[in-house]
Number of protein chains: 2
Amino acid sequence: MSAGWFRRRFLPGGLLSAPGPSRPRASPVPYRRPRFLRGSGSGPGPADASRRPDARPVRSPARGRALPWNAGYAEIINAEKSEFNEDQASCGKLCIRRCEFGAEEDQEWLTLCPEEFLTGHYWALFDGHGGPAAAILAANTLHSCLRRQLEAVVEGMVAAQPPMHLSGHCICPSDPQFVEEKGIRAEDLVIGALESAFQECDEVIGRELEASGQVGGCTALVAVSLQGKLYVANAGDSRAILVRRDEVRPLSSEFTPETERQRIQQLAFVYPELLAGEFTRLEFPRRLKGDDLGQKVLFRDHHMSGWGYKCVEKSDLKYPLIHGQGRQARLLGTLAVSRGLGDHQLRVLDTDIQLKPFLLSVPQVTVLDVDQLELQEEDVVVMATDGLWDVLSNEQVARLVRSFLPGNREDPHRFSELAKMLIHSTQGKDGSPTGEGQVSYDDVSVFVIPLHSHGQGSSGH
Amino acid sequence: MSAGWFRRRFLPGGLLSAPGPSRPRASPVPYRRPRFLRGSGSGPGPADASRRPDARPVRSPARGRALPWNAGYAEIINAEKSEFNEDQASCGKLCIRRCEFGAEEDQEWLTLCPEEFLTGHYWALFDGHGGPAAAILAANTLHSCLRRQLEAVVEGMVAAQPPMHLSGHCICPSDPQFVEEKGIRAEDLVIGALESAFQECDEVIGRELEASGQVGGCTALVAVSLQGKLYVANAGDSRAILVRRDEVRPLSSEFTPETERQRIQQLAFVYPELLAGEFTRLEFPRRLKGDDLGQKVLFRDHHMSGWGYKCVEKSDLKYPLIHGQGRQARLLGTLAVSRGLGDHQLRVLDTDIQLKPFLLSVPQVTVLDVDQLELQEEDVVVMATDGLWDVLSNEQVARLVRSFLPGNREDPHRFSELAKMLIHSTQGKDGSPTGEGQVSYDDVSVFVIPLHSHGQGSSGH
């Protein structure tokens, strides 16, 4: 990404704001459900749309189809919020080829050694908006981007310490010391590869959507197991937690207009033209109106964690850059998440104001050192889209996990049963284990990844 | 601060980059030591410069002069690093007047009620660089800025919940509910006032330095007690910790080119002209050289927490925006801190490249709910400039505190004796309590604030 990219892409007069030559239009991205649901009984598409709110099917993989690490999965479509289920999921084995390095000029002749593998697994959830296309593209693409990015650095990952030069040539004798001082470890290369993969995938989605004339975006939550560690990369408002007998540990944080307020206001401060005079970047407890003019009201700007009072001017009456509270918070009145993939064409209704400059495709990555945990049989990672977390807290999910698993040790499908049970708990049925009857009308998708069996050959892939 | 301010102030062609009309020059800021050291024996100024490295005096307040809460203080000048001690300190009582509000149009006639006070205390440390002037100005000014900012919002602070409108008029019946939903509490107004006070003080320093033809900047670490809470605001690399019998809790974090790498690289990404083609914003384990050209080397850009490899191009050989490790890390090869006050005129040596756009004057504020702690007699907050923390860890300081205080309960000056002892521990004397003999050649200033006596009339001010 070149330094002038941002301006060329987003600011008035930028080279790229002129429409390019029209290209032949590709066919639209076909709707589908995750591949691993094949054979699970229900059809892929608009059939879903005929659901009654109280009779939406909870779907999970066919009994013969084991997911990596014997993970469980279940999903439910939203209650007529949209025609399609805009969540998507994928999982699989990650086979990273190791390249033999020659001199730099020989790199076109690199010998790929397909026998040498570094093997991992990944599980991914995508929560789409503005149509299902971006989430489908992400589910089709992100793992390939990740494999490519990991293959580009795998030589550094398998070294005792990542070398300053990927070739292993040591140009300056104290290079290993410089790397040591910066504290750069193999896991930093995986984090970097995840960050780059998300960005690459975002670019692919942008091109594909433009080519097919479609729109939309999605969040992305990915768990990757590699070399004894579990990496959780998150861009959006899905969530992953670790549930153990005595511990509930968040493995991701949510990125919404509220949690990223200061970053978003800061961008509007340095590039006010992104708001086209239609929005105010300031935060107020509510939208201001004429009666507030001249009054001193509570406000917050980009540099503030605290609150102050300001005298209301006319420009403060504009619609706020970030508006609403909690689940209702919206960026530019349009979007509930501030990170994710896609949305390249998204504009505020009836304006030319773009959302994309305020969105990040870069995930936050947390690392769980699985090899260092004294694992017990019921230790799991629960990943789910926001539809689950809107009605169940981390503690409630942990209680459901702990109450379900011990009594079902003999059931080889217990992790999918648990995923289904978690989804049933969001549907407010009388028998709902929470007994609180809260209902999620959103799409909900859940992976339950058991940690105990990892690498013990229980994977069907 | 208007939205176009940043560009006008820092970018080529900005209105303010043209020199203004020359004004009559004010006299330089006179050098001084903190007021509360008067009568402590040693002269204020260049006399300090005649010190031998092994015989620098440790100074603390005269025995008859009690600081707020009977806090202890001690300082030592650096070992001939600079002519003056560039640290400064101040402390005192904070008297916040409450204003009676009339209608908006009557505000010029506000009745100040000097009998009505909200009273607090503050302690502040400033670590100067590039000369002593900025730290002296900050020590003279910041408490006045803070008092003014607090007085502007005190009506909101003393209410059960800060009102949407400072006047208390309720324009929309559900205003209290909006404030409630945002979770805005009285302490958020104090945080906002601290943030604004630092910015206001920074502007004052900029004007004063320009008027007197002086240069320089300083870090700022401030503790403020108000309404049963202790607010710690930090911009720079000083540090405050809470030491209790069973707990050591950091009350601040350091802001350096290393800890703020992503913010600084991000700014250079959106405004590459700030680097004038002389620096690269990318981070590498060491500065690259010709031999690295064409190699794939470890690097990190603004959006990355992890590391990747990139093929070295010629532009990567430029001097890095952030260079060096730990205490040696420098911003633009010049500055070791990334937040603070002053430095308005600071440029990279022999260039026109400004440091100021990369610096923040806004502090990070943490709140300690003192009223909620079950205080014990030896619970203290230790605030010190980086000269102390360069050679003593939080745990070492805590051990020294715990070993000193219990045996000295009868000594009314024990907190200043402790501050002196902490400074002696940085001088590597044989009898140094750490026994590790690490030496700080920097200026060192220390406050020890006992929490137990707070509000119990032990303050002499």
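Residues numbered from 1 in each chain as written. Chains lettered and ligands numbered in written order. Predicted model: local features only at pLDDT ≥ 70, side-chain atom pairs only at ≥ 80, totals over all residues. Heavy atoms only, no water.

The name given to chain A in an unreviewed UniProt entry is Protein phosphatase 1M isoform X7, and the organism recorded there is Equus przewalskii.

**So, the pairing of strand 5 (residues 217-226) of chain B**
Residue and element names in this part refer to chain B. Taking burial as the measure, the 10 residues of strand 5 include 10 buried ones, the bulk of the element. The pairing of strand 5 with strand 15 (residues 341-342) spans 2 bridges and is antiparallel. By the bridge assignment for strand 15, Cys218 is matched with Leu341. Bridge count for strand 5 against strand 6 (residues 229-235) is 7 bridges, and the pairing is antiparallel. The residue of strand 6 that forms the bridge with Ser225 is Leu230. In sequence, strand 5 turns back onto strand 6 through a hairpin of 2 residues, with Gln227 there showing a positive phi of about 50°. (Buried < 20%, exposed > 50% of the residue type's maximum accessible area, 1.4 Å probe, protein only. Helix = DSSP H or I, 4+ residues; strand = E, 2+ residues; numbered from the N terminus. Pairing = 2+ DSSP bridges.)

**Brief notes about the relation of the copies chain A and chain B**
Mapping chain A onto chain B calls for a rotation angle of 180° and an axial translation of 0.0 Å; the resulting RMSD is 0.0 Å. Expressed as a symmetry operation, the mapping of one chain copy onto the other fits a two-fold axis. Distance from the rotation axis, computed per C-alpha, reaches its smallest value in chain A at Val270 of chain A: 4.4 Å. Looking at chain A, 100% of its interface residues are interface residues in chain B too, so the copies touch through the same face. (Least-squares fit on C-alpha atoms with pLDDT ≥ 70 in both. Contact = heavy atoms within 4.5 Å.)

**What to know about the packing of helix 2 (residues 133-151) of chain B against helix 5 (residues 186-212) of chain B**
All names here are of chain B. With their axes 8 Å apart at the nearest point, helix 2 and helix 5 run at an angle of 140° to one another. By the criterion of interaxial angle, the relationship of helix 2 to helix 5 is oblique. The two elements helix 2 and helix 5 meet at a crossing, and its hand is right-handed. Taken together, the residues of helix 5 that come into contact with helix 2 (itself represented by Ala133, Ala134, Leu137, Ala138, Thr141, Leu142, Cys145, Leu146, Arg148, Gln149 and Leu150) are Val190, Ala193, Leu194, Ser196, Ala197, Phe198, Glu200, Cys201, Val204, Ile205, Glu208 and Leu209. Looking at the contact of helix 2 with helix 5, its residues break down into 17 nonpolar, 3 polar and 3 charged. (Axes fitted to C-alpha atoms, helices over the stretch in contact; angles between N-to-C directions. Parallel < 35°, antiparallel > 145°, perpendicular 65-115°, else oblique. Left-handed = near helix turned anticlockwise from the far one by under 90°. Nonpolar A, V, L, I, M, F, W, Y, C, P; charged D, E, K, R; others polar.)

**Looking at the pattern of salt bridges**
With the rule as written, the count across this model stands at 58 salt bridges over all chains. Glu283 of chain A is paired through a salt bridge with Arg300 of chain A; the nearest N and O atoms lie 2.8 Å apart. Taken together, the positions of Glu283 of chain A in the loop between strand 9 (279-280) and strand 10 (296-299) and Arg300 of chain A in the loop between strand 10 and strand 11 (308-311) put the pair 17 residues apart, joining distant regions of the chain. An identical accessibility class is assigned to Glu283 of chain A and Arg300 of chain A; each is buried. In this structure, Glu187 of chain B engages Arg185 of chain B in a salt bridge whose closest nitrogen and oxygen atoms are separated by 3.7 Å. Within this structure, Lys182 of chain A together with Arg261, Glu283 and Arg300 of chain B form a network of salt bridges that share partners. (Salt bridge = Lys/Arg side-chain N within 4 Å of Asp/Glu carboxyl O.)

**Overview of the pairing of strand 17 (residues 380-384) of chain B**
Residues and elements named next belong to chain B. Of all 5 residues that make up strand 17, 5 are buried, and the element is covered over most of its length. Side-chain alternation along strand 17 places Val380, Val382 and Ala384 on one buried face and Val381 and Met383 on a second face that is also buried. Judged from the 5 bridges that link them, strand 7 (residues 239-244) and strand 17 form a sheet pairing that is antiparallel. Residue pairing in the sheet places Ala240 in a bridge with Met383 of strand 17.

**Let's talk about empty space enclosed by the protein**
All names here are of chain B. Applying the stated criterion to the full structure yields 5 cavities of 30 Å³ or more. Counted as a void, the largest cavity has a volume near 60 Å³. Taken together, Ser90, Tyr122, Ala124, Phe126, Leu142, His143, Leu146, Leu194, Ala197, Phe198 and Val222 make up the full set of residues lining the largest cavity. Every element with two or more residues in the lining of the largest cavity is listed here: strand 4 (111-129), helix 2 and helix 5. Along the lines of polarity and charge, the residues of the lining of the largest cavity split into 9 nonpolar, 2 polar and no charged. (1 Å grid on protein atoms, 1.4 Å probe; cavity = no way out; pocket = protein on both sides within 12 Å on 5 of 7 lines; lining within 4 Å. Points joined across faces, edges and corners; volume = space filled by probe spheres on them.)

**Comments concerning the environment of Ala74 of chain A**
Residues and elements named next belong to chain A. With respect to the helices, strands and loops of the structure, Ala74 is situated in strand 2 (residues 72-76). Linking Ala74 and His424, residues 350 residues apart in sequence, is a C-alpha distance of 9.9 Å. If near-sequence neighbours (up to four positions away) are discounted, Ala74 is found in contact with Val58, Arg59, Ser60, Ala419, Lys420, Ile423, Val444, Ser445 and Val446.

**Some remarks on the sheet that holds strand 1 (residues 58-59) of chain B**
Residues and elements named next belong to chain B. Spatial strand order, 1-2-18-17-7-8: 6 strands in an open sheet with antiparallel pairing. Either end of the sheet is taken by a strand with one partner, and the two such strands are strand 1 and strand 8 (247-250). This element, helix 8 (residues 394-404), spans strand 7, strand 8 and strand 17 of the sheet and lies at about 45° to strand 7. Across the sheet, helix 9 (residues 414-424) touches strand 1, strand 2 (72-76), strand 17 and strand 18 (444-450), and the angle it forms with strand 2 is around 30°.

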